[in-house]
Amino acid sequence: MPARIIQENEAPFATVDIDPVTLEVIENALRNARIEMDATLVRTAMSPGIREQGDAFPLIADSKGRMIVGQFGSYIGPFLDGFDGTVEDGDLIFLSDPYSVGGAISHSNDWLVLMPVFKDGRLVAYTSMFGHQSDIGGKVPGSMPIDATSIFQEGVRIPPVKLWKQGQYNEDLMKLVLHQVRTPEWCSADLNALIAACRVAARRVVELCERFGDDVYASATNLLLDRNYRAMKHLVETSVSEEKVSFQDYICDDGLGYGPYKIRCTMWRENGKVILDFDGTDPQSQASINFFLNENMMKMFFGIYMIMVFDPQILFNDGFYDLIEVRIPKGSLLKPKFPAALSGRTHALGRLFDILGGLLGQKTPEFLNAAGFSSSPHLFYAGTDKNGKWFQLFQIGFGGIPGRPLGDGPDGHSLWPGFTNVPNEFLERYFPLRIERYETVPDSGGAGLHRGGNGIDMVYRFLEPGVIAIHDDRWFVPPWGVNGGLPGKRARKLLVKADGTEIVMGNKVEDYPVEAGDMLHFITWGGGGWGDPLERDPALVLKEIGQGLVTAQGALDYGVVIADDGSVDADATEVLRTTMRAERPADGGPFNFGPDIETLRANCLEETGLPAPKQPQWHSSLAEAAE
Amino acid sequence: MTYRLGVDVGGTFTDLLLFDQESGAFWRHKTPSTPHDSSEGILNGLEAICEKAGITPADIEFFLHGTTVATNAVLEGKGSRVGLIVSEGYRQVMQIARSFVPGGLAGWIVWPKPEPLAALEDTVEIDGRMDANGNEVRPIDDAQIRKALETLRDAGVEALTVSLMNGYLNGAHETRVGELAAEIMPDVPISLSHEVLPEMQEYERTLTTVANAAVRPVVGSYVRALRSQLRAGGMAGSLSLLRSDGGLMSSEKSEEHPVSLLMSGPAGGVTGALWVAKNAGLKNILTLDVGGTSTDVALIENLEARRVRTTEVGHLSVRASALDVKTVGAGGGSIAYVPELTGALRVGPQSAGAVPGPVAYGKGGTEATVTDANVVLGYLPESLLGGSFKLDREGAKAAVQKIADALGIGLMEAARGIIDIVNENMFGALRMISVQQGYDPRHFALMGFGGAGPLHVNAVARLMGSWPAVSPVSPGVLCALGDATTQMRTETARSFSKRFDETDEASVIAILEEMAAETRAELEAEGISPSDINTSFELDVRYEGQAFEVPLSIDPETLRKDGLAAVRARFDEEHERLFTFNMDSAHELVNLRAVALGPALELGRFNLPEGNGDPSEAKIRDHELWADGKMAPAVIYDRSKLRAGDVIPGPAIVIEMDSTTLIEADCVGTVDAVGNILINLA
């Protein structure tokens with residue numbers, strides 16, 4: 001039963017003519033409103049995840065729920081379809097259960113607020129924002145147990161409920177929810193911040209309606225949607241072929257010892273539409289690495305990659321959705337069945353972007369970057385300090401950005417929009433730890449004409465006993481290089497005990513006890529290289545050796561030989577480069593994936609210090625092909 | 001007789017404004033800037049303006065200067081080669097920065113990463129570590145430090161920066177490195193992070209210290225050269241520079257702390273607006289400083305400009321107090337275009353700059369700009385006052401016609417569209433500093449200045465509901481006016497980072513008093529009499545764990561009398577205004593600042609002769625311009641002939657040497673006693 005919209009004024013908006021200038025002005029105003037949402041949030045949120053790192057996403061939609069500005073596309077349509085209730089003036093809907101909204105949010109840590117905006121008794125828009133909560137209860141601090149086997153272990157699950165109902169605040173509901181979490185102050189502040197951001201945007205929309213008239217505003221948003229449709233139609237016709245292209249990549253493991261999990265996507269154009277078909281993707285996991293992928297979100301990812309190149313000033317909106325069809329097999333890693341665990345979905349989400357890049361880049365070289373959207377690595381550290389105070393850190397790390405047509409991938413930077421690292425002095429001031437080193441790992445970026453960005457080695461020294469959890473990927477299957485570039489180095493985690501004992505840690509670990517004085521090397525992946533490394537200027541390689549970004553040993557991947565006095569040995573370099581050119585295999589396509597899965601398995605223990613993941617086994621009924 | 005001279009050096013012109021302190025009479029002059037050595041243009045202007053006023057440079061008691069020399073050194077990468085000493089494990093602090101990539105999802109594909117301000121090869125780690133309470137965890141090693149310093153010296157660094165982890169809490173290690181450096185590289189200027197910016201956050205503190213070191217030699221040699229040339233020219237008065245926060249500092253002090261000058265240019269406009277507002281009897285002002293490539297906006301409430309703790313220069317975000325000036329890439333030179341794919345009309349941020357400039361300037365520009373649209377619509381008359389420069393209206397029309405064709409609309413509609421969009425962009429920037437900060441723009445007047453501000457101020461005021469729209473007297477040299485009319489200011493800041501329940505009034509006041517003594521001593525050293533110095537305190541407060549601090553000013557007596565409880569109440573009130581809610585969380589005192597201000601100026605006021613309300617004496621000719629969808633008759637006036645009390649019905653254009661004011665059709669402009677034009681709805 002779909003939601004019932006209750007309006008005092010049921011009159012539909014009239015379609016009126018809009019001149020191009022008014023349209024532009026409205027588009028700009030909406031863009032500004034969205035910036036205001038971000039600014040409001042960052043200033044008032046409290047958890048480091050949202051506040052310092054920016055893990056939150058705003059949206060303004062039209063009265064039908066279609067996104068006009070935002071990032072990840074609208075979930076409002078699917079939500080309204082499944083919401084058994086009314087939408088009224090003064091309501092504010094609050095939810096966190098992915099299964100209630102078709103995966104529009106993809107794990108229960110993301111708290112979403114949705115505000116219908118009414119003017120003169122008529123629904124004119126929706127504003128909405130969701131943000132990652134540091135803790136929502138459940139079996140582990142941080143509430144993202146990688147070894148969870150059902151969503152019931154992942155903390156409080158909020159179905160769509162009204163936090164404000166016709167202007168009345170439901171305080172009891174909030175008490176009930178905050179009672180379930182380990183960090184009620186953060187959650188309460190962050191939720192307040194999300195609501196404040198939505199209210200700001202709602203005010204802006206009403207002001208726009210007052211300034212231009214409700215009909216003009218509604219017609220303008222229709223035109224903006226239509227403009228995206230036309231732009232995308234053109235791109236689809238010129239950039240996507242009718243011939244099928246496929247690409248696949250892997251999630252390394254599931255934290256329970258099994259892996260890798262394959263994600264495969266095939267793309268083609270048919271009757272003017274792009275089909276993105278995930279047939280061939282592995283079935284869902286027992287553990288929490290499943291990523292409940294919403295079809296609309298996938299359309300938005302695709303659209304953003306397309307539009308970015310042609311008119312980056314355009315506002316992404318939902319207008320082009322009809323041009324794309326997404327097919328995801330039920331019971332697969334990307335459409336798991338309830339009550340599959342979902343909290344560890346960040347790895348598959350990240351991998352999707354590598355896959356999208358590889359898929360589009362096969363036919364349109366201007367899109368082709370190397371791989372490096374590994375995941376969003378997490379570290380959790382929690383315990384009770386000597387004063388009896390509970391502490392809990394959830395931190396997002398960064399790896400190397402891939403080599404790009406534009407140039408080298410930046411070292412240790414974020415592929416996620418708006419994210420920043422947390423100042424280490426801040427961490428040391430507010431948590432019982434010291435960051436002994438914070439540097440990038442030389443040679444970890446894949447060699448190429450444009451080098452992949454280096455990953456980061458962040459060394460935590462824990463000053464209080466507690467438990468840690470680690471979520472990362474790209475430790476087994478390396479980030480690939482393109483157009484002659486080499487793959488980047490893989491992620492690694494190493495715990496050094498006070499007595500010097502070294503323990504190689506898995507990259508998906510829960511509830512691991514640490515002692516005061518233990519040091520954790522949290523090492524992330526390097527980006528893949530772009531273009532032929534033998535074409536890179538030896539002087540640049542030498543400079544980067546001086547900068548500590550590349551080593552003399554690593555220079556050999558570029559065919560550059562460093563003499564004993566530290567200069568480039570030009571003759572030896574020439575000889576080595578000639579030999580390397582002669583010995584390398586003839587053109588094997590644009591991708592360099594490194595060794596195949598079986599070889600990786602065989603060498604895993606030796607190369608990574610960890611046993612190879614075991615091939616997952618599935619019950620056959622889990623894997624049904626999509627219709 | 002004493003005179004004050006304000007000098008603002010811009011990209012194209014050097015503006016000068018000379019004030020007679022007693023009568024309030026003033027003279028202004030514009031002379032071409034000399035980018036190879038700006039002091040040349042300054043001296044040319046000095047000579048000319050003294051001649052106009054019939055004085056000699058020796059009569060000038062105060063030479064007050066806003067400069068972009070520090071800003072340009074950063075933006076153009078012309079700062080010095082800086083060596084950087086960091087803690088073990090932190091060599092890449094500038095390389096990793098905050099890991100932030102601008103531009104949204106997939107933005108990384110097209111982002112060119114800027115090079116760090118201190119090169120990685122000139123960054124060296126040393127052993128030793130302080131913890132987050134300022135206690136030593138591991139000692140430093142003199143022998144290793146000497147080696148590091150020798151390496152940097154031999155590499156040829158021109159300035160040295162030391163920034164160690166948690167140095168803001170305990171600067172002992174940094175100080176020791178500084179001592180050794182003074183010995184090993186005696187000629188190299190040294191900046192220690194705990195002295196330049198004793199605040200938490202290693203990247204921001206390091207960046208600020210490095211930025212300071214990088215611009216020090218450039219600013220130093222500029223200031224010294226200027227000083228000696230002025231002295232040689234007979235000017236014996238004091239030379240002060242305008243800081244980013246709108247205060248003045250002595251030229252000697254600016255050599256040590258040039259990072260405080262990074263927004264000196266825009267600050268001049270805001271302080272100028274403050275002066276004008278005071279004389280016009282306005283208390284709340286939004287400023288709109290429209291230049292060729294960008295527009296700066298700021299908010300003044302109750303004759304105080306808002307300050308922020310961060311100065312944004314290019315991609316860098318430096319921790320130094322600045323007036324809260326937001327910049328958008330929308331100015332007279334902003335280029336209009338229609339991308340084929342979307343068929344949308346876009347204006348900026350690309351700009352035709354000074355070269356080739358707008359099509360109408362006839363210097364080779366081919367793409368339609370905002371200025372061209374203003375010319376097409378008749379807002380900028382073809383011949384400006386003086387007649388030396390004629391605008392190419394036909395060229396402008398042809399360029400705008402291309403935009404009109406791409407959109408399938410008429411020429412005038414396209415031109416008006418370009419103006420509407422650029423106004424909307426300015427409107428967006430103004431909203432960020434007003435509505436978004438909890439201010440209602442309807443309680444503010446809007447003041448437009450810079451070359452093109454008075455052209456747009458009427459339309460933008462209408463969007464904001466901010467009346468009157470003000471075209472100040474001498475809008476083209478308002479920055480120089482600001483330089484001439486502001487007061488000495490200095491401040492010092494410290495990280496505090498304690499919850500209210502972890503401290504008390506007594507200890508907070510003790511630290512503030514100590515800081516206040518420092519700042520007073522600085523001003524006294526500048527020759528200001530102790531009785532003329534005013535001290536105030538600022539406390540940055542937030543809910544524990546929040547990212548955003550609210551700065552609260554408080555005077556020492558109130559703090560003693562009402563205590564921290566009053567501070568808490570003030571914070572809650574301000575938080576409510578900004579964000580619409582309060583919380584039960586603990587309050588945290590983040591930073592403490594002491595500010596010392598020199599004496600406020602008591603300048604005379606120069607009044608225009610009183611008119612009879614009828615501006616026709618000043619009429620130059622009849623004119624036509626685009627208003628409300630059609631060409632309408634209008635009048636062009638000469639600003640220098642307007643009298644106090646003149647009432648100008650719109651549509652009208654008021655022209656002067658370097659600026660043009662547009663009064664829209666249903667509005668009316670009134671000339672006030674000192675010559676400002678106040679535009680209101682008719």
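All values reported here derive from a predicted model rather than from experimental measurement.

A. Molecular detail of the overall build of chain B. Tallying secondary structure elements over chain B gives 16 helices and 35 strands in all. Scaling as 2.2 N^0.38, a compact globule of 682 residues should have a C-alpha radius of gyration of about 26 Å, and chain B matches this with 26 Å. Its C-alpha atoms give chain B principal-axis dimensions of about 80 × 60 × 60 Å. For chain B, the residues scored as buried account for 53% of the 682 residues in total. The contacts of chain B with a sequence gap of at least 6 include a subset with a gap of at least 24, amounting to 67%.

B. Representation of the domain arrangement of chain B in the model. Residues and elements named next belong to chain B. Segmenting chain B into domains produces domain 1 (75–215), domain 2 (334–416), domain 3 (489–597) and domain 4 (607–682). Every contact between the two is made by ten residues of domain 2 and, on the other side, twelve residues of domain 4. Along the lines of polarity and charge, the residues of the side of domain 2 that touches domain 4 split into seven nonpolar, two polar and one charged.

C. Main features of the pairing of strand β1 (residues 3–9) of chain B. Residues and elements named next belong to chain B. Taken across its seven residues, β1 has seven buried, putting it largely inside the fold. Along β1, one buried face is formed by Y3, L5, V7 and V9 and the opposite face, lined by R4, G6 and D8, is buried too. Note: β1 against strand β4 (residues 60–66), six bridges, orientation parallel. Directly across from L5, in β4, lies its bridge partner F63.

D. A look at the sheet that holds strand β11 (residues 261–270) of chain A. Residue and element names in this part refer to chain A. The strand order across the open sheet formed by four strands is β10-β11-β12-β13, and the pairing between neighbours is mixed. Of all strands in the sheet, those bounded by a partner on one side alone are β10 (245–251) and β13 (324–327). Pairs of neighbouring strands in the sheet enclose a mean axial angle of 15°, with direction left out of account. In terms of strand pairing, β10 meets β11 through seven bridges, oriented antiparallel. Counterpart to I251 in the pairing with β11 is Y261.

E. Quick look at unusual backbone geometry. G259 of chain A connects to P260 of chain A through a cis peptide bond whose omega is -10°. Note on placement: P260 of chain A falls in the loop between β10 and β11. For the peptide bond that leads from G650 of chain B to P651 of chain B, omega is -5°, which places it in the cis range. Within the secondary structure, P651 of chain B is located in the loop between β31 (647–649) and β32 (652–656). Of note in this structure, Q201 of chain B is not a glycine but carries a positive phi near 100°. Secondary-structure assignment places Q201 of chain B in the loop between α6 (193–196) and α7 (202–232). Exposure remark for Q201 of chain B: the 20 C-beta atoms within 10 Å place this residue in the buried category.

F. Representation of the packing of helix α1 (residues 20–44) of chain A against helix α12 (residues 411–433) of chain B within the structure. Contact geometry of α1 of chain A with α12 of chain B gives a least axis separation of 10 Å together with a crossing angle of 15°. Of the possible angle classes, the one that applies to α1 of chain A and α12 of chain B is roughly parallel. Where α1 of chain A crosses over α12 of chain B, the handedness of that crossing is right-handed. The segment α1 of chain A lies against α12 of chain B, with P20, V21, E24, V25, N28 and N32 of chain A engaging G417, D420, I421, E424, N425, G428 and R431 of chain B. Tallied by class, the residues present in the contact of α1 of chain A with α12 of chain B amount to four nonpolar, five polar and four charged.

G. Quick look at helix α5 (residues 172–184) of chain B. Residue and element names in this part refer to chain B. For α5, which comprises 13 residues, the first-to-last C-alpha distance of 18 Å matches the rise-based estimate of 18 Å (1.5 Å per residue) to within 8%. When we look at burial in α5, the residues that qualify are H173, E174, V177 and A181. Down the axis of α5, the buried set is contained in an arc of 95°. They therefore lie on one face. Lining the buried residues of α5 we find β5 (82–87), β7 (129–130), α4 (142–155), β9 (159–163), β10 (190–192) and α6.

H. Highlighting the interface of chain A and chain B. The partner chain B presents 55 residues to the 65 residues of chain A that form the contact. Elements with a contribution of two residues or more to the side of chain A that touches chain B: α1, α5 (184–212), α6 (214–239), α7 (295–310), α9 (424–430), β16 (433–440) and β17 (456–462) of chain A. At twelve residues, α1 of chain A tops the list of elements feeding residues into the side of chain A that touches chain B.

I. Expanded view of the sheet that holds strand β29 (residues 619–627) of chain B. Residue and element names in this part refer to chain B. Pairing is mixed in the open sheet, where four strands are placed in the order β29-β30-β32-β33. A strand with exactly one partner marks an edge of an open sheet, and here the two such strands are β29 and β33 (659–663). Here the average twist between neighbouring strands, direction ignored, is 25°. Summarising the sheet, β32 and β33 pair through five bridges and their orientation is antiparallel. From the neighbouring strand, A652 faces β33, where its bridge partner is I663.

The rules behind the values
- Residues numbered from 1 in each chain as written.
- Chains lettered and ligands numbered in written order.
- Predicted model: local features only at pLDDT ≥ 70, side-chain atom pairs only at ≥ 80, totals over all residues.
- Helix = DSSP H or I, 4+ residues; strand = E, 2+ residues; numbered from the N terminus.
- Rg over C-alpha atoms; globule rule 2.2 N^0.38 Å.
- Buried ≥ 20, exposed ≤ 12 C-beta atoms within 10 Å, placed from the backbone.
- Contact = placed C-beta atoms within 7 Å.
- Domains from an automatic or database assignment.
- Nonpolar A, V, L, I, M, F, W, Y, C, P; charged D, E, K, R; others polar.
- Pairing = 2+ DSSP bridges.
- Axes fitted to C-alpha atoms, helices over the stretch in contact; angles between N-to-C directions.
- Parallel < 35°, antiparallel > 145°, perpendicular 65-115°, else oblique.
- Left-handed = near helix turned anticlockwise from the far one by under 90°.
- Expected span 1.5 Å × (residues − 1).
- Arc of directions from axis to C-beta.

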